[in-house]
Every structure is written in C-alpha cells, then in structure tokens.
Amino acid sequence: MEELRQDNLRQSALDYHAKPKPGKLEIRATKPLANGRDLARAYSPGVAEASLAIKEDPDTARDYTARGNLVAVVTNGSAVLGLGNIGPLAAKPVMEGKAVLFKKFADIDCFDIEVAENDPEKLAEIVCALEPSFGAINLEDIKAPDCFIVEKICREKMNIPVFHDDQHGTAIVVGAAATNALRIAKKNFEDIKIVSTGGGAAGIACLNMLLKLGVKRENVWLCDIEGLVYKGREADMTPQKADYAQDSNLRTLDEVIEGADMFLGLSGPGVLKPEMVQKMAKQPIIFALANPNPEILPDVAREVAPDAIIATGRSDFPNQVNNVLCFPFIFRGALDVGATTINDEMQIACVEGIAKLARQTTSAEAAAAYRGEKLTFGADYLIPKPFDPRLIGIVASAVAKAAMETGVAARPLENLDSYKVQLDGSVFKSALLMRPVFDAAATARRRIVFAEGEDERVLRAANAMIEETTDTPILIGRPDVIEMRCERAGLPLDLGAVEIVNPENDPRYRDYWGTYHELMARRGVTPDLARAIMRTNSTAIAGVMVHREEADSMICGTFGQYLWHLKYVREILARDGLHAQGALSLMILEDGPLFVADTHVHHAPTPEQIMETVCGAARHVSRFGLKPKIALCSHSQFGNLDSDSGERMRAAMNLLIRREVNFDFEGEMHVDAALDPETRARLMPNSRFEGAANVLVFANTDAASGVRNILKMKAGGLEVGPILMGMGNKAHIVTPSITSRGLLNMSAIAGTPVAHYS
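Residues numbered from 1 in each chain as written. Predicted model: local features only at pLDDT ≥ 70, side-chain atom pairs only at ≥ 80, totals over all residues. Heavy atoms only, no water.

Chemist: Quick question: what am I supposed to make of the environment of Thr170 here?
Modeler: Residue position: Thr170 is located in helix α8 (residues 165-185). Here Thr170 falls in the buried class, since its relative accessible area comes to 10%. Spatially, the C-alpha atom of Thr170 lies 19 Å from that of Asp243, the residues being 73 residues apart in sequence. In contact with Thr170, not counting residues within four places along its chain, are Asp165, Ala202, Cys206, Leu266 and Asn323. Polar side-chain contacts of Thr170 include one of 3.2 Å to the side chain of Asn323. (Helix = DSSP H or I, 4+ residues; strand = E, 2+ residues; numbered from the N terminus. Buried < 20%, exposed > 50% of the residue type's maximum accessible area, 1.4 Å probe, protein only. Contact = heavy atoms within 4.5 Å. Polar contact = N/O pair within 3.5 Å; in protein donor to acceptor, adjacent residues only side chain to side chain.)

Structure representation (structure tokens):
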C-alpha cells in the first residue's frame, strides 16, 4: 500500500511539472505589441531612446527595464535539497520552483540560471558577469565550502545584493523561531548552551546568526560525522568549522548534549536519540531540521521531554522552518530601496519581523489556508505560516528600513508607512482602495452589530475591528459557542471588548420583542410570533437593535438568501425616508476598480428606481476617493433599440438630466462602449464624460449579478460589498461567499458617513 502511495505521489508530481505545458514558468510581455507603432516603440527605432538614456545615466535602467524587479537564481546543482550533487540540469525543476515562489509571495520576476561549473572561483566569475542583467542574485544549492567562496567573491565584486539562501535564509528563519522559543521557555540567548549537528553551509550560517542574536561562542558545541569539532582536530575540517572548535576532551554528541538548552540539527535522520534528549535542560528547544527525515521525530522527543519546544523542516509537523518565510521578502525590501548588499542589520530586521508576526493574531487568510490547525502563538506556533499575507508588509518594510538606516539604500524611500500600505495592498487587493474609508472610520466610534455572530469569519472580522479601528463590534450569538469557536480557531478575541447578545437569554428580550411587535402589529405579526422571531431570527434582532439606537449599523447575510435578509431590514428600518435603493458591488480588478449595480434588490427596476440606484452609486463611489463615471447599461445603445431595458434606461437618463445631478453619467449603452472610450467616441462623439466608466448600472439584477460573478470567478476580481444603498448606512447585507477581510471592509463602510450628492 505504501509503495502504491509513493508511486501515485511520484506520478502526480511528474504530471504537475509536465502538464498542460512543460515546466513551471513562462515569459509574458508587459506592454502591448498589437501594431506597427507598438513594434517601433518596443524595438527599433524606439528602443534606442531607452538605451541611450541608460548609457547617460545607468541608474535609469530601473525605470526603463525590468532589472529593478528581476532576480537570478543561480546554481551549479552541487547540493540540491536532499538529493546531493545531481548536477545543474537536474537542478532546473528546483530552481524553476524557487522562481515561482519569488513571484507568488513577493511579485518578484526571476530567471533560473543553471551553470555547469564546479570550480567556485570560476563560478563566482560567471555570476559577477551577470550584474548588468539583474537587480539581485540568489545563490542556491551550492555545496559547502564552495558556497562560502562564491558568495564572498560575489559580495566583494558586485554592487547588487547577493544572498545564498541555503545559508542565510535558513539562518534567518531559525533565528526567528529561536527568538520565540526562548521567549516561551523564558530564557535568553546570552545564557543558553547550544549543541549543533552538521557543519555545512546552513548549519554554520545558523550558528553565525545565533551569535549575532546574542549567543556566546563558547556556549556553542558543533558536532559532525566525525564527532565534536575540537581544537586540534584535522579530519574533515574547514575554516568555518574551526571557528567553533571547542577546547575540550569530550568527543561525541552524547557527551556534549548534557545540559544543553537547544539542539540545532542540520544533519541526518535519527542523529538525536531519546536518551540524549533526557540529558538536555528543562523545556529543551529541539530544532531537528534534516529533510525529509529529522534528527528525531517530535513524538519520540516528547515521550522523554513532554515540555520540549520542537521545530522541523517538514510541513506535516508544527513549526516548519521554511525559507519561503524569508527570501521573497528580504529581496522585496532590498530591491525597493535599491540596496547594494544585504547586510547583517537587514537580516536581523527580517528575523525580528518574522518573530513579531508570529506573536500577533493569526490572519484570516492564513487560517483559511491552514484550516484545522491551531495558529496561536505558543510552543506549536513559533513562526508564521508561509501563506500569511502580512509577511510582505511587515518583513519587507523592516528590511527596507534597515537598509536605509545603514546607508546601503541607493534609492531610499520617503515614507515607510506608505510603503508598507503599498505592500499590503499588493496582497490585500482591497487595502489601498479601502484606505480612505478606514481613515474616515477612524474619525468616529460606531457600534456595528453582526447578525451571525457565531460565524468564524465574523469573529475574525470582530477581532480585526478591535485591533485596527475605533468601532465596537456587537455579536449576536450564544456566548459559549462564541468562546468555543474562538478557542478552536486559536483566536484571542477579547470578549470583554465586544458586546454579545444571546438570543436564548438576554435581559432585553422583553423590550426587543415588544419593539418588534409594535412595528409589525398591523402587518400580521402577533405577540407570540414576535416573541418567537426575537428568539430565532438574528437578522431581525440586529434590525431592532439599530432601530432602538443600541447599534449604529448592522451587517448580516453570511448565510441565507439576500432577499430573505432584505425583507426584515425593510420591515424594521425602512422608515423616515429610508428605503433600499439598490445593491452596489465594488470589484477590484488588476487594472483598477469597477462598481456594478444593482446586483440584488430590484429585479427589473423602474426608471425612478434606476435613477435612485445611479445617485446612490455616486454617493458611495465618492467615499473611496474616486470620481464617479456612471454608465447606464442596456441591450440598446444610444436609442437604437426600443427594448424594455432601453426604454427604462432612456427614461432614467431623462430623470437624471432634469434633476441636474453633479456627477458624470451616460447611457443607454453596451458595456464595451462604457469601458472603451474609443468605441464610445465612434458611436456618440459628444458623450457626457471622457475615459472609461467606473460604474456599470444594469437594467435588471440578472445582468448585474452575472457580470459581478464573472468578474469575481473568471477575472480574479475581489468584491467589496454588496453595499446596500438608501438605508442611511444602517444596514448592509453581504453574501455567503464573503471572507473575513470582506467583513472587515464592510464594517469600515458601515462605520463611516455617506456624503450626499444633489
């Protein structure tokens, strides 16, 4: 059975690399090449202008070429993963994988370069000759001690960052994990005894990093296949090992492990025996990083030391020491400030950033990627997970700051806070666009009630609200269920900072059902029915709270049908001129934002309802710091069809014109005319606005909802919303597909005032 499983895994991996096209990379153009004019600018004669500009000022290569965001991953294949010296050609799939990680995690373009050269000095010469092509060099999978020689020569001769990830990447992640492990064990770097196995590139680099963090050299005991590295030893020695030679008569790992606070293994399987663990200090820190089989398995170590703090190199155990936590982000920060090197201060900044992130609340995105794992800082969560999207903002900005402070940044940044926001925006697509909304929300303190307060997404959004905003979340749900789900999710939600409304036992129950009955008595709701609804219907409870001014706004809809929720919102809150005008969805696309309405409220709106939807959309678009350009979309185009949708859109246009609104709108038209100014100019030369529309208002919800879902599922659009317009920001109904980040965005929208257009 195990053999069959391995065969299936092998074939699956081979298929992944072979299909639908061989390899994991391709090159795509970033500029259009559709006609002769494009060709003349991309190549001859236009390209000469860029070349001459760079000749005059070499620093402009960053402006006119991709060099400033381009990294070379260079190897000779002499020490590939756990495969050994397999050569440069066999190393190519691994290097392609590294390039994919650069792109995925930090949006850095990367070429893999496999070089058939085993002489370290000649290899260094080849790498140095690549400097004009790249903004940085990532040396990879070069055996020790050759890797030390290659890196040293390249660092001395090159004026761009050179980083051997097997050494420094591993060392940085180990440093971060050790920082937090010692915090849990209540120990200090200055006081601990470390025993390490493996004197290769990664092992030596890890020890060097631990010294930089405060470990004393005399407290480091290095062992390899020959036993303890001691003064006078001649067998299998290198200058790097000699730096850690001990003046001691002890010779074996079993002898030196006595009283050790930390074991650092980068050697081979089974090196650390249970009886050795028994000899270590109380609450030992064991980093068994050999792959695929560690020096000791975690469950074996815990049989003799239940309080051990353990990390491995494997993803199926907690605390995987994975270089992807480091290298994409240290390169991102270095490239963005034009760093000429990656120095110790930048590496330590990376260590501190990774360690600090693990101690913060786990992001909803990381929790979703690692569903079922408890991601709360502690012995089983020393370092963040690779898919935590906050890594790029925290780590890259820390690296950039260190580069500027140490004088190696050729292009220092003016504002680090803005840079971090920009980085966060690259992974949280909504972050930059939502910034004006969050800034406005910070000026007020509003109470936002979540109807589905037991949902994990809601709990994560509530926790983020407490951390990031001044608003107060109110959760409708059973307290014991909320507490249990927070515990299960590893979410340190401060229940003292939120208000909980328990539908099964709340002292305000009598007041709530009485209020609801008073509102609905002449709409067929009896006292008994009112009591039942206030026990079972959390949307109605939230509505009553807003009506009674015990909350400023409500958010519902994480499960259930939109119109079902809308029914109760209308019954309770559609008063004093408030009524649902339409639902507006903001779709954040690669080339910018696009708003779509009405996606849920009016199936086939009247001209008056279309006009209200357009005006509501204009109000809300302005909240994002954007100037609304609204297209009224129909099968008819500028009066060429007397279809139902065309007639309603034309009537709505006339209502808007008579109302003399102060925003741009045009219609009725097809979507292509709305988004393509050239097409629209051919059809209607005197169009009411220039450029592409940023709001599409449709004549029925089928069209609006269809476009919304196509943009979300096929164009990679991220939705903010739906925003319920016309209800004075008192209620918003989301959809079941919403994420925790989406709920946080909606809470910010609910927490800010709406400017009024005429």
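Chemist: Got a minute to help me understand the UniProt feature "domain: Malic enzyme N-terminal" (unreviewed entry) in the protein chain in this structure?
Modeler: On the UniProt side, "domain: Malic enzyme N-terminal" (unreviewed entry) is annotated at positions that read residues 22-155 here. Each end of residues 22-155 is marked by a C-alpha atom, and these two atoms are 34 Å apart; helix forms 45% of the span and strand 12%. (UniProt positions renumbered as here; feature names shortened; annotations may be inferred.)

Chemist: Sorry if this is basic, but what is going on with empty space enclosed by the protein here?
Modeler: Over the atoms a probe the size of a water molecule is rolled, and this reveals where empty space is left. Taken as a whole and assessed by the stated rule, the structure comprises two cavities of 30 Å³ or more. Taken as a whole, the largest cavity spans an internal volume of roughly 50 Å³. Val501, Asn502, Pro503, Asp506, Tyr509, Tyr512, Met534 and Ile541 together form the lining of the largest cavity. Across the lining of the largest cavity, the residue classes tally to six nonpolar, one polar and one charged. Lining the second largest cavity, in full, are Pro298, Arg302, Ile310, Ala311, Thr312, Phe317, Pro318, Asn319 and Asp380. (1 Å grid on protein atoms, 1.4 Å probe; cavity = no way out; pocket = protein on both sides within 12 Å on 5 of 7 lines; lining within 4 Å. Points joined across faces, edges and corners; volume = space filled by probe spheres on them. Nonpolar A, V, L, I, M, F, W, Y, C, P; charged D, E, K, R; others polar.)

Chemist: Is there a simple way to explain the pattern of salt bridges in this structure?
Modeler: Under the definition given, this model contains 42 salt bridges. Across the pair Glu550 and Arg548 runs a salt bridge, and its minimum N-O distance is 3.0 Å. By relative accessible area, which is 17% here, Glu550 ends up buried. The partly exposed category is assigned to Arg548, whose relative accessible area is 30%. Taken together, the shared-partner salt bridges connect Glu499, Asp506, Arg508, Arg548 and Glu550 into one network. (Salt bridge = Lys/Arg side-chain N within 4 Å of Asp/Glu carboxyl O.)

Chemist: Please explain the sheet that holds strand β3 (residues 136-139) as it appears in this structure.
Modeler: Each strand in a sheet pairs with its neighbour through backbone hydrogen bonds, running either in the same direction (parallel) or in the opposite one (antiparallel). The four strands lie next to each other as β2-β1-β3-β4, forming an open sheet whose pairing is parallel. Of all the strands in the sheet, the pair left with one neighbour each is β2 (109-114) and β4 (162-164). For this sheet, the mean inter-axis angle between neighbouring strands, taken without regard to orientation, is 20 degrees. Against the sheet, α8 contacts β3 and β4, and its axis sits at roughly 75 degrees relative to β4. (Pairing = 2+ DSSP bridges. Axes fitted to C-alpha atoms, helices over the stretch in contact; angles between N-to-C directions.)

Chemist: Please explain a nonpolar patch on the surface as it appears in this structure.
Modeler: Residues Leu33, Leu39, Tyr43 and Val47 make up a contiguous nonpolar surface patch of roughly 420 Å² in combined accessible area. Its location among the elements puts Leu39 in helix α2 (residues 36-42). (Patch = residues over 30% accessible without salt bridge, like charges linked within 9 Å, V, L, I, M, F, W, Y side chains within 5 Å. Areas by Shrake-Rupley, 256 points an atom, 1.4 Å probe, with all protein chains shown as cover.)

Chemist: How do you make sense of the packing of aromatic side chains when you look at a structure like this?
Modeler: Centre distance and the angle of the planes are the two values used to describe a pair of aromatic rings. A full pass over the atoms with the stated rule returns seven aromatic pairs. Between Phe111 and Phe134, the ring centres sit 6.3 Å apart and the planes meet at 85 degrees, which makes this aromatic pair edge-to-face. Remark: Phe134 occurs in the loop between α6 (120-128) and β3 and Phe111 occurs in strand β2; sequence separation between them is 23 residues. Residue Phe111 is classed as partly exposed on the basis of its relative accessible area of 39%. With relative accessibility at 4%, the residue Phe134 sits in the buried group. Three or more aromatic residues link up through ring pairs in this structure, and these residues are Phe102, Phe163, Phe327 and Phe331. Across the ring face of Tyr244, the terminal group of Arg217 is positioned such that the distance to the ring centre comes to 4.9 Å. In this structure, Arg251 packs its charged tip against the face of Tyr230, placed 3.6 Å from the ring centre. (Phe/Tyr/Trp six-rings, centres within 6.5 Å; stacked < 30°, edge-to-face > 60°. Lys NZ or Arg CZ within 6 Å of the ring centre and 35° of its normal.)

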